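Secondary and tertiary structure notes
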Amino acid sequence: MGRVSRRAFAVAALSAFTMMPPASAAPKPAGGGDGRGDDRAASEMRGVWLATVANRDWPSKPGLTAAQQRAELITHLDRAVHNRLNTVIFQVRPTADALWPSPFEPWSQYLTGTQGKDPGWDPLGTAVEEAHARGLKLHAWFNPYRVAAHADPTRLAAGHPARSNPDWVVTYGGKLYYNPGLPEVRGFVQDAMLDAVEKYPVDGVHFDDYFYPYPAAGQTFDDDAAYDEYGAGFPDRAAWRRDNIDKLVRETADRIKQVRPGTPFGISPFGVWRNAATDPLGSDTRAGVQTYDDLHADTRKWVRESWIDYIVPQLYWNIGFTAADYAKLVPWWAEVARGSSTQLYVGEALYKAGDPAQPAAWQDPAELSRHLTLARERAQVRGHVFFAARDMAADRIGAMARVVADHYGQPAPPPR
């Protein structure tokens, strides 16, 4: 997830332009009650993503002193408390690197500017301690397969596993990725991630939307050798790739239970599983990317089979958006979650609010508040997570302040 790439697909992947949204319901009264007698005002996810890749949210730039980095981190945590949030989802493995002293991977370049250089402190350990001191939950956010936002292995730190095992790596779209089709890769990335879960009392383990990479026009993800070796018994390469990601999800879930029992495992996928035109089980959308087909991530199955503890689909579109209408996707995901043990939270595009490049709906400070009002109509929706911390700090048009005033009148614990 570069400065724009992670969420840029929320726009670029769609096949139609926005239209003006219809009038939507007024926000519910301050305090979070919905008048229906449920317990969601007292227990709901109120989260924010804190992204470190490309210094998106934190640190503000590489090379700050340890004291400066720590002060910036504390400011983000304090702001979460101020906005009556209860969870921070902290990106601790952005590009096959680490924001803790890891025996498997080098220190992240986003700390010092040099991959592998010790920053002189432990960001993850500090984040957990300081979050807990403020009554916040701290979920550790990992990206499993991205190695680098460039295509030059010699730029990686000496001794980087991707340099030591070049056969693990696929170059695609100008970037480096670990090959999900190799069992040894799947085992290694789990070892690297679970090291943090074992060492620190994190309150959750979190994956984002990257599994197989988003499509790059005119390019092929070269996993021929792995498919030749391991693809027997599958009807096609796509089914084999989906099975590779299924294995990652199931195995990670099992290992979390062994290492830190009771710690929830959640995933935040791109918001469209499949379009209804592709699959009658899909949503009434016309997205140009479908996670099942393009990222080989069967997100619907993970929920229906209760493989994961929570899911946060990135519903980064406004109410009334033609190609992917928030008002249609929330009910679709609620039906997917119905009857499963997987908690449903909604990923919200705070970063779009007040961005002049976005459609007119996003210039209205009340758009996000309307999202929460609409989502409360579905009992399966147990909260929201906002992308991302830098945008919460800026709050360009007061959209987050409006959410807090309309919906977060009192603190609330996250769902159990």
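Figured I'd write up the structure that's included with this text.

Parameters at a glance
Residues numbered from 1 in each chain as written. Predicted model: local features only at pLDDT ≥ 70, side-chain atom pairs only at ≥ 80, totals over all residues. Heavy atoms only, no water. Helix = DSSP H or I, 4+ residues; strand = E, 2+ residues; numbered from the N terminus. Rg over C-alpha atoms; globule rule 2.2 N^0.38 Å. Buried < 20%, exposed > 50% of the residue type's maximum accessible area, 1.4 Å probe, protein only. Contact = heavy atoms within 4.5 Å. Areas by Shrake-Rupley, 256 points an atom, 1.4 Å probe, with all protein chains shown as cover. Lys, Arg positive; Asp, Glu negative; His and termini not counted. Charge placed at Lys NZ, Arg CZ, Asp CG, Glu CD. Pairing = 2+ DSSP bridges. Axes fitted to C-alpha atoms, helices over the stretch in contact; angles between N-to-C directions. Salt bridge = Lys/Arg side-chain N within 4 Å of Asp/Glu carboxyl O. Left-handed = near helix turned anticlockwise from the far one by under 90°. Nonpolar A, V, L, I, M, F, W, Y, C, P; charged D, E, K, R; others polar. Expected span 1.5 Å × (residues − 1). Polar contact = N/O pair within 3.5 Å; in protein donor to acceptor, adjacent residues only side chain to side chain.

This part is about the overall build of the protein chain. Per the secondary structure count, the protein chain includes 14 helices and eleven strands. Its C-alpha radius of gyration of 20 Å places the protein chain within 12% of the 22 Å reference for a compact globule of 416 residues. Looking at the 416 residues of the protein chain, the share that counts as buried comes to 60%. For the protein chain, long-range pairs separated by at least 24 residues make up 75% of all intrachain contacts whose partners lie at least 6 apart in sequence. Accessible surface, the protein chain as shown: approximately 15,400 Å² in total, 51% of it carbon and sulfur. Where the 46 positive side-chain charges of the protein chain centre and where its 49 negative ones centre are 4 Å apart.

The strands making up a sheet associate through hydrogen bonds between their backbones, and the pairing can be parallel or antiparallel. An order of E1-E2-E3-E7-E8-E9-E10-E11 is seen for the eight strands of this closed barrel, with the pairing classed as parallel. Along the sheet, helix H8 (residues 237-259) contacts strand E7 (204-207) and strand E8 (265-267); its crossing angle with E8, the most-contacted strand, is approximately 150 degrees.

Opposite charge on two side chains makes pairing possible when the charged atoms of those side chains draw close. For the structure on display, the rule yields 23 salt bridges. Put simply, Glu130 and Arg134 hold a salt bridge, and the shortest N to O gap is 2.7 Å. With a relative accessible area of 27%, Arg134 lands in the partly exposed category. A salt bridge links Asp224 to Arg237; the nearest nitrogen and oxygen atoms lie 2.8 Å apart. Linking Asp224 in helix H7 (residues 224-230) with Arg237 in helix H8, this pair joins segments that are 13 residues apart in sequence. Judged by relative accessible area, Arg237 falls into the partly exposed class, the value being 26%.

Packing of helix H12 (residues 367-375) against helix H14 (residues 399-407) leaves a shortest axis separation of 7 Å and a crossing angle of 35 degrees. Our pair here, H12 against H14, has a crossing hand that is right-handed. Contact residues: Leu368, Ser369, Leu372 and Thr373 in H12; Ala399, Arg402, Val403, Asp406 and His407 in H14. In terms of residue class, the contact of H12 with H14 is made up of four nonpolar, three polar and two charged.

Next up on the list: helix H11 (residues 326-337). Its twelve residues give H11 an end-to-end C-alpha distance of 16 Å, which sits within 8% of 16 Å, the value for a rise of 1.5 Å per residue. Along H11, nine of the twelve residues are buried, which leaves the element largely enclosed by surrounding structure. All buried positions along H11 are accounted for by Tyr326, Leu329, Val330, Pro331, Trp332, Trp333, Ala334, Val336 and Ala337. Buried residues in H11 make contact with helix H10 (299-304), strand E9 (310-311), strand E10 (343-348), H12 and strand E11 (381-386). Between the side-chain oxygen of the N-cap and the backbone nitrogen of Ala327 there are 2.8 Å, and the N-cap of H11 in question is Asp325. Residue Gly339 follows H11 closely and has a positive phi angle near 85 degrees.

The next subject is the sheet that holds strand E4 (residues 146-148). Ordered by their spatial adjacency, three strands build an open sheet running E4-E6-E5, and the pairing between neighbours is antiparallel. Each of the sheet's edge strands pairs with one partner strand only, and the pair in question is E4 and strand E5 (169-172). Here the average twist between neighbouring strands, direction ignored, is 35 degrees. Pairing of E4 with strand E6 (residues 175-178) involves two bridges; the strand directions are antiparallel. Looking across to E6, one finds that Arg146 is bridged to Tyr177.

Topologically, Ser340 is positioned in the loop between H11 and E10. Judged by its relative accessible area of 18%, Ser340 falls in the buried class. Within the structure, the side chain of Ser340 is placed 3.0 Å from the backbone oxygen of Ala337, a separation counted as a polar contact. From its side chain, Ser340 meets the backbone nitrogen of Thr342 in a polar contact 3.1 Å long. Apart from residues no more than four positions distant in its own chain, Ser340 is found in contact with Val303, Arg304 and Ser306.

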